[in-house]
Amino acid sequence: MRRLEGKVAIVTGGAGGMGRATAMLFAREGASVVVGDVDTAAGTRLELEAATAGLTLSFQHCDVSVEAHVAALVALAESRFGKLDTIFNNAGIEQSVTPSTDVSEALFDRVIGVNLKGTFFGCKHAIPALLRNGGGTIVNNSSVSAFANVGFNISYAASKGAVMSMTRVLAIEYAKKNIRVNAINPGVIDTEMNRRNKALAADPDAWTARSLAVTPMGRMGTGDEIAETVLFLSSEQSSFITGVGLLIDGGRVAT
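Residues numbered from 1 in each chain as written. Predicted model: local features only at pLDDT ≥ 70, side-chain atom pairs only at ≥ 80, totals over all residues. Heavy atoms only, no water.

1. What to know about the pairing of strand β4 (residues 86-89)
Thought 1: With burial as the criterion, each face of β4 is covered, one bearing Thr86 and Phe88 and the other bearing Ile87 and Asn89.
Thought 2: Two strands pair when backbone bridges link them, and strand β1 (residues 8-12) and β4 are joined in this way by 3 bridges, in the parallel orientation. Its bridge partner lying in β4, Ala9 is registered against Thr86.
Thought 3: Bridge count between β4 and strand β5 (residues 136-141): 4 bridges; the pairing is parallel. Of the residues in β5, the one forming a bridge with Asn89 is Asn140. (Buried < 20%, exposed > 50% of the residue type's maximum accessible area, 1.4 Å probe, protein only. Helix = DSSP H or I, 4+ residues; strand = E, 2+ residues; numbered from the N terminus. Pairing = 2+ DSSP bridges.)

Here it is, written out as structure tokens:
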């Protein structure tokens, strides 16, 4: 039996990268998936690709830094599919490599607005829907930066550390209400975001070498590897796990 047979899932930031891989895996595993993203063109293409493959996936434009957009995404899942079982709060943006004292207020606010407030809005509006359904799961996308860092990304690291703390708060708060809340903490993953980070670096080759040097496995992770981990935390396979931040970092924090 497919691992999410009959379930309804939301994936924010689902039109590309880790979110896209997760949304498609969820759909292949039997879920009806609602994807939110600011990239309408990519989201529309994903919806068409899923339909062509006989999968159930609906796209809606969503800027997670706008609370009304997130509320509408949850409302769409319930109105179209009748319930909500799980949400992957994945949407996030990076901070380019910048000395911390050079980070502008506007940049700091933007990163916090998407990465932290967007995750908060996802949890805030998903939890009542999950309660109406008798429980469910939440997976938040934090980062290895919540545990280990190399500097020059203060707004990003601050946002992801806060996501990890928020995950623990909600896990405790809703443990007796059949809602499990966990986080993933990816290391260097081969996604559009990291390709942008590389392109923005003063020395792209040095950026790649440094990324691999801090990863004992000596390679980047893939979106599919992230998706499989999110599926594990979203399914009954992890039924006694809540409040954890699962590192998917090729051994980086172990060093």
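Here the narrative resumes.
2. Thoughts on the pattern of salt bridges
Thought 1: Considering all chains together, one arrives at 8 salt bridges under this definition.
Thought 2: The partner of Glu29 in a salt bridge is Arg3, and the shortest N-O contact between them spans 3.0 Å. Separated by 26 residues along the polypeptide, Glu29 in the loop between α1 (17-28) and β2 (32-37) and Arg3 in the segment before β1 bring together distant segments of the chain.
Thought 3: For Arg3, a relative accessible area of 32% puts it in the partly exposed group.
Thought 4: Across the pair Glu49 and Arg20 runs a salt bridge, and its minimum N-O distance is 2.2 Å. With a gap of 29 residues between them, Glu49 in helix α2 (residues 40-52) and Arg20 in helix α1 connect regions that are remote in the sequence.
Thought 5: With relative accessibility at 37%, the residue Glu49 sits in the partly exposed group. (Salt bridge = Lys/Arg side-chain N within 4 Å of Asp/Glu carboxyl O.)

3. Examining the side chain of Asn89
Thought 1: As for its position among the elements, Asn89 is in strand β4.
Thought 2: Classification of Asn89 as buried rests on a relative accessible area of 2%.
Thought 3: A distance of 2.9 Å separates the side chain of Asn89 from the side chain of Asn140, its partner in a polar contact.
Thought 4: Filtering out sequence-adjacent residues up to four positions away, Asn89 remains in contact with Thr12, Thr119, Gly122, Cys123, Ile138, Val139, Asn140 and Asn141. (Polar contact = N/O pair within 3.5 Å; in protein donor to acceptor, adjacent residues only side chain to side chain. Contact = heavy atoms within 4.5 Å.)

4. Focus: the sheet that holds β5
Thought 1: Across the sheet, which stays open at both edges, the 7 strands sit in the order β3-β2-β1-β4-β5-β6-β7 with parallel pairing between neighbours. The strands lining the two open edges of the sheet, one partner per strand, are β3 (57-61) and β7 (245-248). Strand-to-strand, the axes of this sheet are offset by a mean angle of 15 degrees, without reference to chain direction.
Thought 2: Both β2 and β3 contribute to a ladder of 5 bridges, which runs parallel. Of the residues in β3, the one forming a bridge with Asp37 is His61.
Thought 3: Packed onto the sheet, helix α4 (residues 105-132) meets β4, β5 and β6 (179-186) and runs at close to 175 degrees relative to β5.
Thought 4: With respect to the sheet, helix α5 (residues 154-174) is in contact with β5, β6 and β7, its orientation differing from that of β6 by roughly 160 degrees. (Axes fitted to C-alpha atoms, helices over the stretch in contact; angles between N-to-C directions.)

5. Examining the packing of helix α3 (residues 67-81) against α4
Thought 1: Two elements in contact, α3 and α4, have axes separated by 9 Å at closest approach and are oriented at 25 degrees. As the angle between them shows, α3 and α4 are arranged roughly parallel. Where α3 crosses over α4, the handedness of that crossing is right-handed. Listed contacts from α4 to Glu67, Val70, Ala71, Val74 and Glu78 of α3 are Phe121, Gly122, Lys124, His125, Ala126, Ala129 and Arg132. (Parallel < 35°, antiparallel > 145°, perpendicular 65-115°, else oblique. Left-handed = near helix turned anticlockwise from the far one by under 90°.)

6. Some words on helix α7 (residues 204-213)
Thought 1: Of all the residues in α7, the buried ones are Trp207, Thr208 and Ser211. All buried residues of α7 project into a common sector of 95 degrees when viewed along the axis, lining one side. Residues Asp205 and Ala213 are exposed on α7 and point more than 90 degrees away from its buried face. (Arc of directions from axis to C-beta.)

7. Describing the nonpolar core
Thought 1: Formed by 28 residues in total, the largest nonpolar core has its most connected members in Phe26, Val33, Val35, Leu57, Ile184, Ile226 and Val230.
Thought 2: Among the elements of the structure, β1, α1, β2, α2, β3 and α8 (223-234) are those that each provide at least two residues to this core.
Thought 3: With 7 residues, α1 is the largest single contributor of residues to this core.
Thought 4: Apart from the residues within four sequence positions on either side, Leu57 is in contact with Ala23, Met24, Val33, Val35, Leu46, Glu47 and Ala50. (Core = buried A, V, L, I, M, F, W, Y, C linked by side-chain atoms within 4.5 Å.)

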